Amino acid sequence: MKKIALFFVLAVFVPSLALAWLAVRSLRDQQLILERQQSLLYQGVADSLAKEADDFLTEQQHEFGRQVEAMLADRKAHDLPITFDDRLRTNWFPAQVGFVVTVKGDILSCVPNCTPAAQAFYTDNGKFLGNRESAEVYWNSTKNTANNSIPNNSIAVNSSFSNGYNEPPLTKSYFAGKQKMRNVVPQQQPVLSQQINEPQNYSKVESSEAEFRQLVGDSNEGMVARFLENKLNLLLWYRSPRDTNLIFGAQISLAHLKESLKPVVQTLEPALREDIAVALLDDAAKPVAVVPAGFQSNWKHPFVATEIGEALPHWELAVYLLNPAKLAESARTLKFTLGLLIALLLLAISVGGWLIVADLNRQLTLARQKTDFVSNVSHELKTPLTSIRMFSELLAEGRVLEPEKRQSYLHIITAEASRLSRLINNVLDFSRMERGEKKYSFQKCGLAGLVRETVETYRPHLEANGFRIQAAWPDAEIMVNADRDALAQVVVNLLSNAEKYSNGQKEITVQIEQLREPLPYAEVRVKDRGPGVPRGCEEKIFEQFYRAHDSLGSGIQGSGLGLTLARQIARAHGGDVTYRAQEGGGSCFMIRLPLVKPQSQ
Ligand code: ADP
């Protein structure tokens, strides 16, 4: 039975633990997926805004081409190569300096000494544009070659001036230089770096060592960025199909560029503004534009970031979480709730299992007690019946002639018969009580008189067995409300126990006392000098079928019902039966009953 209970508990417990473990794992996986989805979503946002910035620059490049074409279309502009710087700055304000270079590297414009900006530009870029030195540059050229966009009649011209380069068009990898460290390290980088399997703390935008004519190759427009004393220098260039020998260029004003790029971050969707902030960071990881305005953060550690491209090297579009702890917080709350639920589940299973096992134990004990009870009662019935049968047969056969012997046999028969009827009464009463059918007829009666009567009825039997009974009766009667027969049965059960568990100490004391504290009550004490109730069993002896001295061990017959009945009857009277060990050895059983209230006396 215990094994079944254990198996049952384990069958519930183990799968529950496994389920709990699975739930925790899936929660962790869910959190990772959620984080991944979030980073992909925001990476998409950064990518699209970075593309917008890049598109803006491409548009600027095309616009520059259009400006050049417009100037070339002006018939009066014969001196355009010389006056280009001036004209461009007048017509197109993003330009800081305008320049014209021949394919061979002759700088036709700007004129070095005309403005301080032109002078500085000449100093910085003269050698590079004149193909006299190569520089560390970031470049993208539109491979929109003369073949595609230059009219057929120019092709020959184009090929004839193709600056002596017979190699295939240069590709960027040809120039691939050292990768630069990224200024910004996005938080999500480790995750993404696992995906694309490349070190992410390096910028994807690479510089390369090149001469200007190498970059231009056979393309007709492009952008070149270079850092001069850590300051970004962005050049646009354009070669018109009208004269492919000339390359028109412009240095873009960085201040103007920054202003023009500000609206890019403003295109962030309003729905996303509750969760993220977006910043356009320059090559020093300083914010150029931020949405929402006033947002502050450690700019070098965005959630995700995308580089804008070669035109603006190391400029990034960075996304920051407005509440970085939000995801972790909700995961923590979920984990806590799950943990609590799992703990509650395990607790419920444990308590349930413990209750089942405890109940099973109780049931097992009760079943064993009932089996013992049946064998005890059978034995108790059999013993007096055997004596009654034996002595009555002897008397019936007329074989006992001596009158004293006959008298003694008759006594034994009477005593055994009353023992039988006591036992049967106990069993019947118990079953009546179990079914709730036991009826009491309460009436006012004198307790001392009732106890005395019962003791006196029992006295001959006890004295015949060598017992000495000491009884002290009060002077005044003690009135209680009681069912006389039921109360007499309680007294007889206690006297019978005192006799059974005397262990040769044949001394029984009966006392009655009227007490006032805590409430007025009467107390009947039945004391013996036997071994007393074993320690730890003082309360258990009042449980049904419980026997502290089992029949086999002690040789004392019993049903384990006497005290159960005594207590139930006393309690039905508003009182109780309790046990206390006597000083000097022996038991003292006390029947306590409430007194009849004075006005009803
Ligand atoms: P039983 O028929 O076994 O006597 P009871 O309900 O009357 O059943 O008593 C329950 C148990 O209490 C007994 O088995 C015995 O172990 C213990 N007991 C009862 N009365 C006494 C006593 N006077 N002295 C010692 N033990 C007692």
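Our subject is the structure that appears above.
### Topic: the overall build of the protein
Helix and strand counts for the protein come out as 15 helices and 18 strands. The buried share among the 601 residues of the protein stands at 44%. Considering only intrachain contacts with a sequence separation of at least 6, the fraction spanning at least 24 residues in the protein is 69%. Total accessible area computed for the protein in this model is approximately 32,100 Å², and 56% of it derives from carbon and sulfur atoms.

### Things to note about the site of the ligand
In the neighbourhood of the ligand, 19 residues make up the surrounding shell, with Tyr501, Arg547, His549, Ser559 and Leu563 lying closest. Taking Ala548, its main chain carries an N or O atom lying 3.0 Å from an oxygen atom of the ligand. Out of a free accessible area of 530 Å², the ligand has 99% covered by protein chains. Taken together, the elements giving at least two residues each to the shell around the ligand come down to helix 13 (484-500), helix 15 (562-572) and strand 18 (587-594). Taken together, the residues of the shell around the ligand break down into eight nonpolar, eight polar and three charged.

### Things to note about a positive patch on the surface
A contiguous patch of positive charge on the surface is contributed by Arg25, Arg28, Arg332 and Lys335. Going through the elements one at a time, helix 1 (2-73) and helix 10 (325-396) are the ones with two or more residues in the positive patch. Structurally, Lys335 is set in helix 10.

### Quick notes on the sheet that holds strand 10 (residues 304-309)
Read across the sheet, four strands follow the order 9-8-11-10 without closing on themselves; strand pairing throughout is antiparallel. Each having just a single partner strand, strand 9 (287-291) and strand 10 make up the two edges of the open sheet. Mean inter-strand twist for the sheet, computed between neighbouring axes without regard to direction, equals 20°. Bridging between strand 8 (residues 276-281) and strand 9 involves four bridges; their strand directions are antiparallel. Residue Val278 lies in a different strand from strand 9, and its bridge partner there is Val291. Contacts from helix 9 (residues 254-266) reach strand 8, strand 9 and strand 11 (312-321), with the element oriented near 25° to strand 9.

### So, the side chain of Ser559
Here Ser559 is to be found in the loop between helix 14 (551-554) and helix 15. Overall, Ser559 belongs to the buried group, its relative accessible area being 7%. A polar contact of 3.4 Å, which involves the side chain of Ser559, links it to the backbone nitrogen of Leu561. Once residues within four sequence positions are removed from consideration, Ser559 is found in contact with Phe373, Asn376, Val377, Glu380, Leu423, Phe545 and Arg547.

### A closer look at the sheet that holds strand 13 (residues 468-472)
Read across the open sheet, the five strands follow the order 13-15-16-18-17; overall the sheet is mixed. Here the strands that pair on one side only, and so sit at the sheet edges, are strand 13 and strand 17 (576-581). The average undirected angle you get between the axes of adjacent strands in this sheet is 15°. Strand direction decides the pairing type here: strand 16 (residues 521-528) and strand 18, joined by seven bridges, are antiparallel. What sits directly across from Val524, in strand 18, is Ile591. Packed onto the sheet, helix 13 meets strand 15 (507-515), strand 16, strand 17 and strand 18 and runs at close to 170° relative to strand 18. Relative to strand 17, helix 15 is tilted by about 130°, and along the sheet it contacts strand 17 and strand 18.

### As for the environment of Phe373
Mapped onto the elements, Phe373 comes out in helix 10. Look at Phe373 and you get buried, because its relative accessible area is 14%. Distance from Phe373 to Tyr546, taken between C-alpha atoms, is 8.9 Å for residues 173 residues apart in sequence.

### A look at the pattern of salt bridges
Here the structure, examined in full by the defined rule, presents 28 salt bridges. In this structure, Arg89 and Asp85 form a salt bridge, with 3.0 Å as the shortest nitrogen-oxygen distance. Highlighted residues: Arg89 and Asp85, both in helix 2 (residues 80-91), separated by four residues, approximately one helical turn. What makes Arg89 partly exposed here is its relative accessible area of 26%.

### Brief notes about the environment of Leu254
Its location among the elements puts Leu254 in helix 9. Residue Leu254 is classed as buried on the basis of its relative accessible area, which comes to 17%. In this structure the C-alpha to C-alpha distance between Leu254 and Lys231, which are 23 residues apart in sequence, comes to 9.5 Å.

Parameters and conventions
Residues numbered from 1 in each chain as written. Predicted model: local features only at pLDDT ≥ 70, side-chain atom pairs only at ≥ 80, totals over all residues. Heavy atoms only, no water. Helix = DSSP H or I, 4+ residues; strand = E, 2+ residues; numbered from the N terminus. Buried < 20%, exposed > 50% of the residue type's maximum accessible area, 1.4 Å probe, protein only. Contact = heavy atoms within 4.5 Å. Areas by Shrake-Rupley, 256 points an atom, 1.4 Å probe, with all protein chains shown as cover. Near = heavy atom within 4 Å. Polar contact = N/O pair within 3.5 Å; in protein donor to acceptor, adjacent residues only side chain to side chain. Nonpolar A, V, L, I, M, F, W, Y, C, P; charged D, E, K, R; others polar. Patch = residues over 30% accessible without salt bridge, like charges linked within 9 Å, V, L, I, M, F, W, Y side chains within 5 Å. Salt bridge = Lys/Arg side-chain N within 4 Å of Asp/Glu carboxyl O. Lys, Arg positive; Asp, Glu negative; His and termini not counted. Charge placed at Lys NZ, Arg CZ, Asp CG, Glu CD. Pairing = 2+ DSSP bridges. Axes fitted to C-alpha atoms, helices over the stretch in contact; angles between N-to-C directions.

Honestly, that's just the spatial picture; any functional story needs more than this.
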